[in-house]
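# Structure assessment
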Amino acid sequence: MSTSTSCEGAKPQVRPTESGCSAASCVPLVQSEQDVAHMNTDQSQKRFRISNMDCASEESEIRRAVDSIPGIEALRFDLGARLLTISASQAALPDALQAIRKAGFKPEPIDEDANTPSVTPTAPATFLDIWGKLLAALGLALAAEAIAYAFPATTWIKALGMAIALGAIFLSGFGVYGKGLVALRQGRVNINAFMAVAVTGAFLIGQWPEAAMVMALYAIAEAIEARAVDRARGAIKSLLALSPEQAEVRQEDGGWLRIGVKSVALNSVVRISPGERVPLDGNVLAGQSAVDQSPLTGESLPVDKGPGDEVFAGTINQASALEVRVTSPASDSTLSRIIKAVEEAQASRAPTQRFVDQFAAVYTPAVFALAVLVAVLMPWVAGITWLEAVYKALVLLVIACPCALVISTPVTVVSGLAAGARRGILIKGGVYLEEARKIKAVALDKTGTITEGKPKLVAFEPIAPDEPEQGVELLAKSLAARSDHPVSKAIAQGLAVKAQEVEVFEAVAGRGVQGVIDGHPYILANHRWIEERGQCSAPLEARLAVHEEAGRTVTILANRDRVIALFAVADTIKPSSIEAISEMKALGVVPIMLTGDNAATARTVGHLAGISEIRGNLLPEDKLKAIEEFQGRYGVTAMTGDGINDAPALAKANIGFAMGAAGTHTAMEAADVVVMNDDLRRLPETIRLSKRTHVILWQNITLALGIKAVFLLMAIFDDASMWMAVFADMGASLLVVFNGLRLLKAVK
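Residues numbered from 1 in each chain as written. Predicted model: local features only at pLDDT ≥ 70, side-chain atom pairs only at ≥ 80, totals over all residues. Heavy atoms only, no water.

Another point: the sheet that holds strand S21 (residues 552-558). The sheet built from 6 strands is open, its strands ordered S17-S22-S21-S20-S19-S18 with antiparallel pairing. Each edge of the open sheet carries a strand with a single partner, namely strand S17 (456-462) and strand S18 (503-508). The mean angle between the axes of side-by-side strands here comes to 15°, regardless of whether they run parallel or antiparallel. (Pairing = 2+ DSSP bridges. Helix = DSSP H or I, 4+ residues; strand = E, 2+ residues; numbered from the N terminus. Axes fitted to C-alpha atoms, helices over the stretch in contact; angles between N-to-C directions.)

Another point: the sheet that holds strand S14 (residues 322-326). With antiparallel pairing, 6 strands are arranged side by side in an open sheet as S7-S6-S8-S14-S9-S12. Taken across any chain shown, the strands that pair with only one partner, and hence form the sheet edges, are strand S7 (256-260) and strand S12 (310-311). Bridge analysis of strand S9 (residues 282-286) against S14 gives 4 bridges, and the strand direction is antiparallel. Its bridge partner lying in S14, glycine 282 is registered against valine 326.

Summed over all chains, the structure comprises 22 salt bridges. In this structure, the salt-bridge partner of glutamate 323 is arginine 250, at a minimum N-O distance of 3.5 Å. One end of the pair, glutamate 323, is in strand S14; the other, arginine 250, is in strand S6 (residues 246-250), with 73 residues separating them in the sequence. Residue glutamate 323 is classed as partly exposed on the basis of its relative accessible area, which comes to 23%. Given a relative accessible area of 37%, arginine 250 falls into the partly exposed group. In this structure, a network of salt bridges that share partners links the residues Arg423, Glu579, Asp679, Arg681, Arg682 and Glu685. (Salt bridge = Lys/Arg side-chain N within 4 Å of Asp/Glu carboxyl O. Buried < 20%, exposed > 50% of the residue type's maximum accessible area, 1.4 Å probe, protein only.)

If you look at the biggest cluster of nonpolar residues, it comprises 53 residues, and the most contacted ones within it are Val199, Phe203, Tyr218, Val395, Leu396, Met722 and Val726. Elements supplying a minimum of two residues to this core: helix H4 (127-150), helix H5 (155-185), helix H6 (191-204), helix H7 (208-237), helix H10 (351-381), helix H11 (386-399), helix H24 (682-717) and helix H25 (722-741). Beyond its immediate stretch of four places on either side in the chain, valine 199 contacts Ile169, Tyr177, Ala211 and Met215. Formed by 38 residues, the second largest nonpolar core is a distinct cluster that contains Ile425, Ile614, Ala638 and Leu743. (Core = buried A, V, L, I, M, F, W, Y, C linked by side-chain atoms within 4.5 Å. Contact = heavy atoms within 4.5 Å.)

Written as structure tokens, this is what we have:
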């Protein structure tokens, strides 16, 4: 079957570590993935492509095959790409490969220098490669049926019919049959074992035409299903095609040369012509253009880019040529990190997926035992012949195949992840895709999340009369220019003087920045820090109050002895934030503002945005405590932020949403969902996508089990043929696959 498998390991709130698997999986055998990073020096990771590995049960077979081999640290499966990554000692790797081959699989080494984090591309199979063989198998199966009905059952006719039936089985499912025999020899029960028993049993009781037809129909339905599932995986794998393979790089003599992106060094200058994709992350040195960032962020409109602005690999330059200085290698570009995050997301299992896996682990051997009981007891209980009883048991085996149940969850989860990625919502695991529907409260950072995050300097007031105004501006500009905080950037951009050198510069989280200029220490601080230093006074408080009541953020310049000046910066609320907060309330989610800004500014912005619970003057540790409080009060709580200060709260929340995280490593690592632009509406959209995913997951489980139950009863108590059995099984599988694919239409 075409499905995938997985394991988890992350937040204790929602991601308990599992070793069982079910969707493009990462399967720790001894340690967690974090431990793998600290393996002994003789440990290595090797990737292999296994062409006949595409089902959850096959992944389990490989795990069992290597489970007893010492030195195996971890296995990582990507069943969609038929990839296996083995983390093992040099001594253990050959033993592991031998065990995998003995289990009936053929691991082929993958080029470790491949440019992409996914599988090395292979030539696509042609129509004749796949369907020519399957249609020929179906034709032979029909011929076997025709011979059985049209001619008398002489020895030669039987021999001819059986030969034709064997040809159909060979063309359509000999690989499945072979793996089934291996599974039976090793005492394992899976779909391959079911099919091997059913086909062998049908031959032994003289039902060779039906055996051939079952295998042919099974193979055709499996190919249709694989094609459908590939649609979901293809939506994610299409990310790999976004980045060009070459870049035009400036040479030492001033000329330009096209070379592979992997060979481009940091700080190289690349030229991007109109209509070309950006090859690497970088900062614009020269040129003005509009860049289409929709492949990464889901933004509908191009973004204007000029000198100093960031551009990201995979985006499209539209208007005019740009010269860009490279800031990240190809292996660590924003696009590369998105692809890696999506691949890891496919390796995560939602709670429903874990339930299905556990259920299937009991269901499969139970059905096999039931089939044996039907074959043994039905002649005594129902008075039918032994051949009829065996036939019923074989029909039951085919009907009861757990494929539809096992595949019902991975295809739905992958479709949901792909739908989110298309909208610029990077969900880092099926567990978060499903858990988001349970969110009861969302804590929102202010700057960059609710507001534009691009404040402007609107007021400058000298406090120390003996300080020259230009000198004060120079001090503030020098400190602010060294910080990447939006408020500091606004101050630096709003002051026309030229910055000078700052020594011993330090950013103090939740307070401001400090440094030494011309041998004297200065700070550029928020209200809290000035109070902690004992430098507040009644006149200063009065001035601050005026600005804070107007919703402005005030930053204060001071030295060791006194306050020198204050700078007021104003930010504006995004129209999309007001709409998003309204949508959250409609979904029954409580929005809460948590900000390090002063309480007055926070109240002004919060009330304009439609938020009633507002907390200001918060340090990172205060936000962390607030998340813990909300989890106790409301239940499942999300945190939404965009900076390093928000990282602790993002990690503590049940689900962390990083806003505008393109290029921000810390936020991307701490968050569970990355919104690749600054649109807060993606948060309620994620909740709606989660709700729809949950509904479809349980629709699929109900469909799979319901169809199985009806046909199981028919197989035992009524006339049901193997034809009906394969149609029931594969029909259920295709039904749940196509139902899951409905999620590929992004929820708006």
